[in-house]
Amino acid sequence: MPDPANPPGGTGGPARRQPPRLGPATPDRTATPPAPAHRPREGRVLLAAPRGFCAGVVRAVDTVEEALALYGPPVYVRNEIVHNQRVVADLRAKGAVFVAETDQVPEGATVILSAHGVAPTVRTRAAERHLNVIDATCPLVSKVHREAVRYAAQGYTILLIGHAGHEEVIGTLGHAPDQIRLVDGPEQAARIEVPDASRTVWLSQTTLSVDETTRTVEVLKSRFPQLLSPPSDDICYATQNRQAAVKLLVAGGAQVVIVLGSANSSNSRRLVDVADDAGARAAHLVDHARDIAPAWLRGVHTVGVTSGASAPETLVTETLTHLADRGYTDVHTLSAAQETTTFALPHTLHRPGPDQPPPMRTGDQALGD
Ligand code: SF4
């Protein structure tokens, strides 16, 4: 697992390149390092920590790789295991087959459920088709599922703050479809109706903007004073830490913030929003360093760099090299938190014992009953 609190070592670029020089792993906004003799112009990079892979993404990616090692390709994965182009492309190259629904998986084959979680109906359908299901749902998403089921059983209306159509939201909605109302921001909070205002609770998607969610909850509480809050934060530690680190970048002088991440990654998009709200001149979400438009850097002395929870560190390393080639060679890490969270691999992912047959693979005859 990459250690998000530590800066990357080396840039891996060709020898002719001036490598980025990494600064301390703690905020240092006063130091003025000496300028290298031959860089084209002064330029500074502020690198966020933590950034990149969270514990849930490490677990999900490791789950696919371990399943490939145990069962051999192909291993099917329902939807993108995590929302990142590079991760999906790498796993596809190793033999993972991404499908939209379990109905596309051959009977009896192995299918991995993505980190975003699924509605119970997905598991039911997979069981009907005798699939070997390995659940890579992040434990912090599963926590929200359990909260939804518990409050629904107690007769509450659940106001789920989240983005319509996001996979995680679809999965959570599926755990109590009759009792959850989706609230997609403060404006919807001002309009939402509930059957009994005295029995309401709010929950949220794990990857939202902390600040916008706070505003949404304030609106809900002004309308439903007896609104319960979840027993612990639903917005996960990784989302909160990455947003706090982006605020440090802007406070430290980053004029432009580059966020490495894919367009369908909720937590990556929120990092752009947070940088904008914090006062950055501009913030851009890019899948690769090559997507950084030269115009974005025109007249910019300090660039902030971070990456979403599903973006591998190689994307950051490539970006540092890209920026170094353009004169941004002084790299300083601004750290908002140290992360130590790890999650064990799914218990259904195990090497078969001597007396156990391995799970069926594609091409084997399907179980029948
Ligand atoms: Fe889990 Fe948070 Fe990572 Fe999502 S962003 S996989 S909820 S740790």
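This text goes with the structure placed above it.
As a convention, each chain's residues are numbered from 1 in the sequence order in which they are written. Local features in a predicted model are, by the rule used here, given only for residues with pLDDT of at least 70; side-chain atom pairs are given and counted only at 80 or more, and totals for whole chains, interfaces and linings are based on all residues.

From N to C terminus, the protein includes eleven helices and 13 strands. Per-residue burial for the protein yields a buried fraction of 45% across its 369 residues. A residue pair is marked as a contact if its C-beta atoms, positioned from the backbone, fall within 7 Å. Expressed as a percentage of contacts within the protein between residues at least 6 apart in sequence, the contacts between residues at least 24 apart total 78%. We count a stretch as a helix when DSSP gives it H or I for four or more residues in a row; a strand needs E for two or more, and each element gets its number in order from the N terminus. Partly exposed residues are those whose C-beta has more than 12 but fewer than 20 other C-beta atoms within 10 Å; 20 or more makes a residue buried and 12 or fewer makes it exposed, with C-beta atoms placed from the backbone.

On to the sheet that holds strand β8 (residues 180-183). Here the rule is simple: two strands pair whenever DSSP picks up at least two bridges between them. Within the open sheet, the three strands sit side by side as β8-β7-β9. Their pairing is parallel. Looking along the sheet, the strands with just one partner apiece sit at the ends: β8 and β9 (200-204). For this sheet, the mean inter-axis angle between neighbouring strands, taken without regard to orientation, is 30 degrees. As paired strands, strand β7 (residues 157-161) and β8 are joined by four bridges and run parallel to one another. Within the sheet, the bridge partner assigned to Leu160 lies in β8 and is Leu182. Along the sheet, helix α4 (residues 139-153) contacts β7, β8 and β9; its crossing angle with β9, the most-contacted strand, is approximately 170 degrees. Helix axes are fitted only over the stretch in contact, all axes being lines through C-alpha atoms; the angle between N-to-C directions runs from 0 to 180 degrees.

Under the definition applied here, buried Ala, Val, Leu, Ile, Met, Phe, Trp, Tyr and Cys residues are grouped into a nonpolar core through C-beta atoms within 7 Å. With 60 residues, the main nonpolar core has Val57, Val64, Ile81, Ile112 and Ile158 as its most contacted residues. No other element matches helix α1 (residues 55-71), which puts eight residues into this core. Apart from the residues within four sequence positions on either side, Ile158 is in contact with Ala148, Tyr151, Ala152, Ala176, Gln179, Ile180, Val201 and Leu203. Core analysis: the second largest hydrophobic core is formed by 36 residues, Ala254, Leu260, Val272 and Val274 among them.

By themselves, these observations are geometric and do not establish any function.
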